[in-house]
Amino acid sequence: MFSDCIPMTTGKVFPENMFDDKVQNVMKTFLKSLDPVLLKAARRGSPNLTFTDEQLNHSLSSSVHDVAQNSELFARLHRIVDGAFSDIIDKEIERSMVANTSMKKQKQPFNKSKLEQEGASTISQTISETREFITFRNDALKRLHSILADLVDNFDEEFPVSPSVSSTALGLASDTLLVDNNIIAGTSIALSDIGENHLSDTYGCVGGSSAYNISYGSDSENSFTNGSTSRHKSLMFFDDNHLRTVADNLSSTRSEKIRLRALNDLLNYAPNEVISIGSWKILCPHLIVALGDTNLEIAMACLTLHSRLLAAANMSVVCETLTNLVEHLVQWFSSPNIDELQSTAISIDISNPIIEIKFKQVTKKKIFYTLILDFLQETTKYWMRYSESHVEHIITETIRLFSYGILVPEANGGRILPLHFIALLDPEANWFRTWMHATYSRVYVLRALTNNKNLLVNAYQSVLNYANTHNQPMNVGNDGNDNAMYPYGVRKRSTTTASSDSSMRSIVPPTNSSTIVPSFLSSLTTGSPVSSNAHPTAPAMVPASSSHYTRVELSNVHFVYSLALLEYVIYSKQARENLFPLMINHDKRVNVKEILRIFVQIMFAANSGRTASSLCCQLLKRLCLESDTCGSLMCSDDLFETLYRPIKQYLSTKKSFNDYLRSNQNTFAENSLISLADLFAAMASNDVGYQYLIRTSATSNLNSPALLIVSYVKRILSQYTSNRSGIMTPDLTFPTSYSTMPRKLLAEFLYVCRLIYSRTLGLLTIKRTNLHKVLADIYKVETEIVNTPSLYRSPSAESEEQMNKSDISWKETLLDHLLLFASTPKGILLLTQTGYLPECIIYIDEHWRSTGQVGKLERYGYGYLLSQMANTPSVISRLYESGFVEYLINQLWNELEYVSDDLTTVFPRRFPSEPISRYALKPLLSLLSVVCPFSAAFELLSMDDNEILTPHNADENPQPSTLSHLLKRIAFVNDDNGVRKLLSYEHTHTTGLRLLSVMQSDLDVQLLLEIKYNYIKILRQAQGEIESGGNIILDQLSLARNHVLVNAELIGGIQEKNMPPWTLNENDSVAVTSIPLFADSMPLPDVYTIKVTYGGLNNTKTEENELHRFIRSSRPDRLDDRWLGKCRHLFMTALRQSTQESVPLSLMADLLDAVVDIYDKLHMDVVFNPSRDSSSSSSMTVQKDALIKLSSTSSLTPLQELGVNKALNYAVRIGLVQDQSVSQQNLSRLLKALKSHLKQKSIIPSSSSNNSKFGGSASVNSSFSNLLTASALADGNGNRLNYTCLSDAYPGFDWFSTTIFLLMGGDDIRSWRWLRTFSLLLPSGFLWYARLFNTPFVSNEMNINGLHPVYAGIGHCVELIVEQEMAPIFAAFRMSGLAISHMVVHWTKQCFWSVLDWPELVTYICVCILYGIDYQVYFCVALLRHLKNDIIYQHSSRNLLPFLKCHQIRGFSMRNVIEYMVSLEKKYRSTIMSELKELLCSNSNVSNVTTKQTNV
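Given the structure is predicted, the values throughout are model-derived calculations rather than measurements.

The next thing to look at is the overall build of the chain. The secondary structure content of the chain amounts to 73 helices and eight strands. The 1496 residues of the chain split such that 57% are buried. The contacts of the chain with a sequence gap of at least 6 include a subset with a gap of at least 24, amounting to 78%. Total accessible area computed for the chain in this model is approximately 62700 Å², and 51% of it derives from carbon and sulfur atoms.

Glancing now at the nonpolar core. Phe599, Phe749, Trp1393 and Trp1398 are the most contacted members of the largest nonpolar core, which has 409 residues in total. The element best represented in this core is helix H73 (residues 1454-1480), accounting for 13 residues. Beyond its immediate sequence surroundings of up to four residues, Phe599 is in contact with Val463, Leu563, Leu566, Ile570, Cys616, Leu619 and Leu620.

When you line up the elements, Leu837 lands in helix H40 (residues 837-850). Sequence separation between Leu837 and Ala822 is 15 residues; the distance between their C-alpha atoms is 9.5 Å. Apart from the residues within four sequence positions on either side, Leu837 is in contact with Leu831, Thr832, Met869, Ser874, Val875 and Asn1345.

Our focus in this paragraph is the packing of helix H55 (residues 1145-1162) against helix H63 (residues 1308-1318). Contact geometry of H55 with H63 gives a least axis separation of 10 Å together with a crossing angle of 40°. Read as a crossing pair, H55 and H63 show a hand that is left-handed. Each of Ala1149, Asp1150, Leu1152, Asp1153, Val1156, Asp1157 and Asp1160 in H55 lies in contact with H63, whose residues at this interface are Arg1310, Arg1313, Trp1314, Thr1317 and Phe1318. A class-by-class count of the residues in the contact of H55 with H63 yields five nonpolar, one polar and six charged.

This next bit is on helix H13 (residues 280-291). With 12 residues, H13 ought to run about 16 Å at 1.5 Å a step, and its terminal C-alpha atoms sit 15 Å apart, in line with that. Those residues of H13 lying buried are Trp280, Leu283, Cys284, Leu287, Ile288, Ala290 and Leu291. All buried residues of H13 fall inside an arc of 155° around its axis, so they share one side.

Further remarks concern the packing of aromatic side chains. One pass over the full model with this rule turns up 46 aromatic pairs. Relative to Phe1318, the ring of Trp1314 lies with its centre 4.7 Å away and its plane at 15°, an arrangement referred to as stacked. In this pair, Trp1314 and Phe1318 both sit in helix H63, four residues apart, roughly one turn of the helix. Three or more aromatic residues joined by ring pairs form one cluster here, namely Phe402, Trp431, Phe432, Trp435 and Tyr568. Lying over the aromatic face of Tyr692, Arg695 brings its terminal NZ or CZ to 4.0 Å of the ring centre. Positioned above the aromatic ring of Tyr1460 is the side chain of Arg1425, whose terminal nitrogen or guanidinium carbon lies 4.1 Å from the ring centre.

Attention shifts here to the state of the cysteines. Throughout the structure, instances matching the rule amount to zero disulfides. Not part of a disulfide, Cys1420 finds its nearest cysteine sulfur in Cys1408, a span of 7.9 Å. On the accessibility criterion, Cys1420 (0% relative accessible area) is buried.

Bringing the pattern of salt bridges into the picture now. Evaluated as defined, the whole model comprises 33 salt bridges. Between Arg695 and Asp637 there is a salt bridge, with the nearest N and O atoms lying 3.2 Å from each other. Residue Arg695 is located in the loop between helix H33 (687-693) and helix H34 (705-723), and its partner Asp637 is located in helix H29 (residues 637-643); the two are separated by 58 residues in the primary sequence. The salt bridge partner of Arg759 is Glu1363, with a shortest N-O separation of 2.4 Å. Remark: Glu1363 occurs in helix H66 (residues 1349-1365) and Arg759 occurs in the loop between helix H35 (743-757) and helix H36 (760-766); sequence separation between them is 604 residues. This pair shows no difference in class: Arg759 is buried, exactly as Glu1363 is.

Look at the link from Phe580 to Pro581: it is a cis peptide, with omega at 5°. For Pro581, the position within the fold is in the loop between helix H25 (573-579) and strand E5 (582-584). Of note in the backbone geometry, Ala429 takes a positive phi value of approximately 55° without being a glycine. Summarising the element assignment, Ala429 is placed in the loop between helix H19 (418-425) and helix H20 (430-437).

Criteria and cut-off values
Residues numbered from 1 in each chain as written. Predicted model: local features only at pLDDT ≥ 70, side-chain atom pairs only at ≥ 80, totals over all residues. Heavy atoms only, no water. Helix = DSSP H or I, 4+ residues; strand = E, 2+ residues; numbered from the N terminus. Buried < 20%, exposed > 50% of the residue type's maximum accessible area, 1.4 Å probe, protein only. Contact = heavy atoms within 4.5 Å. Areas by Shrake-Rupley, 256 points an atom, 1.4 Å probe, with all protein chains shown as cover. Core = buried A, V, L, I, M, F, W, Y, C linked by side-chain atoms within 4.5 Å. Axes fitted to C-alpha atoms, helices over the stretch in contact; angles between N-to-C directions. Left-handed = near helix turned anticlockwise from the far one by under 90°. Nonpolar A, V, L, I, M, F, W, Y, C, P; charged D, E, K, R; others polar. Expected span 1.5 Å × (residues − 1). Arc of directions from axis to C-beta. Phe/Tyr/Trp six-rings, centres within 6.5 Å; stacked < 30°, edge-to-face > 60°. Lys NZ or Arg CZ within 6 Å of the ring centre and 35° of its normal. Disulfide = S-S within 2.5 Å. Salt bridge = Lys/Arg side-chain N within 4 Å of Asp/Glu carboxyl O.

Structure (structure tokens):
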């Protein structure tokens, strides 16, 4: 038999296990878990119905079964049964499977699911009929009965009842009532009372209604979830007749006991059953009455019912419930019998039970899910599941409630409205912010507000009342800090800056108490409010408490709430269009700007309090930070007239600022002025607001808001510097804050000025105010104050220390504002004029190492400032002396090589998967932005190469501390010794080659490195190791070296040379393996050279056009301005043609000859040494003699000689030169003569002042005579720059002269004559980089610091246009830490050699000379516009600097951008030309220069 298979010990062992204490404890826990179920079932009846035991057992069957299935007792029994009979079950399953297999073999049809059910049933029946299982079951039941009997005998000990019994054990719904200190929230019912009633019910008390009856078991629908019906197994379902009976029992004529029992019945209904079609209309009137019942138990029970209905998943139920609540609240607020809501009430006490119960109907803190505010905030998460009609109904009903009533114009008057209660609980109007956030809900909110604007009208009236109440003149002597309005022990309300995802306010959050601390409400006022009526009556003051609110406090919190409402409405463009203007009293129309003016009025009101002023400031600030709201709302003349009132009021007086602040003329508190500065700063950080601030009128710049702000600050600072002590004469009759200069106020307004001058157009707007000099004077005064004791300082050591800290902080603030002048090229020039450039460099060195962010509203870091300043050799010299360059080198070295000795064996170095790891990329880019320019590289590499060894491993493996040693260690590696010194050779050497490739992209730096280190030979030797046994080793290092060598050997544009790849391209293995490499003595492979021939002067293939015939037929005696105008027209027509070479290169030489002769003849743009130079029209013999004579007095440097060879190699390759040896002699002679010529022209003869049109030439000669005779430049501290002092001539190669020489067909005499004449013209100062090196035609500061006009002029103007026309490109450069002027200098210094093809390069020079030097600016802008997509992409890839430096420009053509350049000329010519002339002719009278420019 089957029973024989059961072990004999089964029936004995497992029943014995039932005796352990664990089973008894589990049984006791299970019985306790049934307690709430039993209690709920016992109270589901009504007075007319009684339950028998059978009915009770039947109603409990499903609930007890559900509880039991989830209990630990059943889980333990399951484990025991499984352990006892698992083997038998497994064998039966196998037997059943064998039977099924036989059925399949016999091919009998069968149903799989049916077989599974029958098999399980058969196995269970078989096991249950065995003798062992019957014995096991009987023994187990006996043991369980024994345990139950023991629990019953010891019931009082096992199930004690204490007064602190939990609400769950008593049947209290945890989702409806909150227990606090053993008291049910919102009632006076103690848990001890409930416990007694519970005991009485337990021992057979029948009937009656206890306090417990107001609470019912949770229906498990206590959150805004899907509300599945499987979670409502404890609910009962009755028919409609029973609901009608319940409705009758809810009548106010019934006794309280019957009404409570009726509410109990409703709580046991499913929400869908309560709100049925036939009964809800009958229930509604009674429920509304019950909500307002004076019996708190009835009211709270009804409120609990509504909270459950609001949590239902059925939206029809939710809508009906919300309508019921709204209707009740509207009726209650409209009741004339409630004294606390009347206008005569001076306060409201929510500790009053009647008021408290109504307060709880709108609060979200006490009763879960019965709160309207909580419902409003949570339901938006699920709106997408509901129909539009339901959503619209919810919003409409809510707006109807909150819009109830009319706020009277009288401050602190009128009835208390629902919004007063809502404001107490949600001062920030978070529910409204949530609704307005999403587009889906915003549509319905705006639709409801459009139909019912009373909510916004009341909000406007509240703000207006507050403004009228606090629009009082400031008392003399009040410092405006409103400290007096915060009584002792009162907690102030804090405010924070606006964020992107939440409100800008940070109200003191409500605590666990039932109300908000009223001291916050009191802080909104500084004294007794004054009504706007003719006869104001001050309300009686009631001592503030946690449950008592005066009418003043209610008005204040309503004002805060109204600010929040209006903020969210005004911030939405759709809301502004649909809801405004507001109609007030059917006759007054109020638009948005009028409301904003009221906000400004409150912000400026002296007695409005710091909190109210700050709230309005933050609201306005948020509007200023967004372009949409700033442009349409804040940038209006009428509003700015109100904002500028404090500034204009002070500028119209003649008093000092301190005297003005404490005079009767001042109506503005100091904190209001600080808020105004904060507002201006937010506006200046926004592009739209910035444009509005720097706007200029058609007549004068004096009306510019930026100029007004700067004038305001400058006047205060000037008074400060005139005192020389930094402290005004103290007056003990006034507060201490008026005896010193308001540094905080000055710091805020200086920050506004800084946001203006840190951008190109803003700097041009305010530069004539000389703010930089005023700041320098203040810094000088502060420096003297620190070292000089003051008579007015406190003798206290603590006070002395505090003042010293304040002085240091103020000095750092001034230095920070001075440093930000370096954010633009022309700003650096102004910074050099202050004399505090060294201090600024030390400051940037300190802050770079601590933080990378420049300021709170700037969108760039100190890396951008360094990139901007890298073209200034004096800055590089100071950075080197301060150790900052060494710091950058150490940062890169640490990422590449340095590993602490104690971590080497534990934590191995990271092995990068990319050629340059992302950890090393950031320090590499930071170093490149500093050392890439030729002036910076020349200065650093000319320093002493004797490196100071670091203590770490100084003998074996010294750490590099200079640029020269860094290049030797990581770039110039060609032997085993250098390889062994690197821990990560491949990664480090690849990074070094990348550093070298970017640096050598500057052709002058490439020549310098070749002369100094002969690095091409070193890399060729290292590349020779790639061949082994006839096979070529192709890896990352061989590719990188090949890339560097090809760039070093070849010069040319995209159509003149092919560039090898930098890295291995895994996606194109065929292309990688076919890359030709060269090394050691191998020649350059032909694949990198593109065969092109431009033909020079003998090119006759191009068909002659009208321009060609016009120039060929022109006679020198007929060259005048009319000829020039026609030539410009024909040249532009030829450029616009679609042919590849519409303007022949041979024709351009003749064109330049004629144009320069006309300029010289008509004195157009003659600004450098404008005396007549008769040699320009001399014969060829005289020109040749002068060339030979001057060339004999100078010599070329090795760098320049190497440049001649490279340039001529390029010329021969593209067909510009036939005989390289002859051309080399001619070019060398020309460059020597030009060097001597430029030296002579840098000294202005004293006699020239009589013949010149410049009145200041003599002064120029005298001011620069000592400088030029010394042939060395030094700053005020005697420091000299290698870049400017090693030679009085330009140390780099003259790429412009070489371009002209090749364009003239290698004719040195023709080139000499043309260049001598061209050197007198304005374009020569920018096109010819060597022309203005160490000359008197630029300021002394520019010569001393090595600043070039191309950087300070062209670079600044290019940034100006890019910022105005192409904001994404400008932002990409700033966020990448790369200055646009950095690339402008790089391109223009070498005349776009190795960037553009030769035809585009020559066309660039012709256009700039023919149409004006401002076209050089437009050309650079057009180039950046052409690279727009590449710039944005490379910025995101953190590769912008290497991309722009190392890659030729593909697909650029002058004929494609000439129309765009013409459009830029029409907009910016007047601004650019005035700036360039002013920059170059700062020591000359440029106004007398004849300049004739014809617009294209």
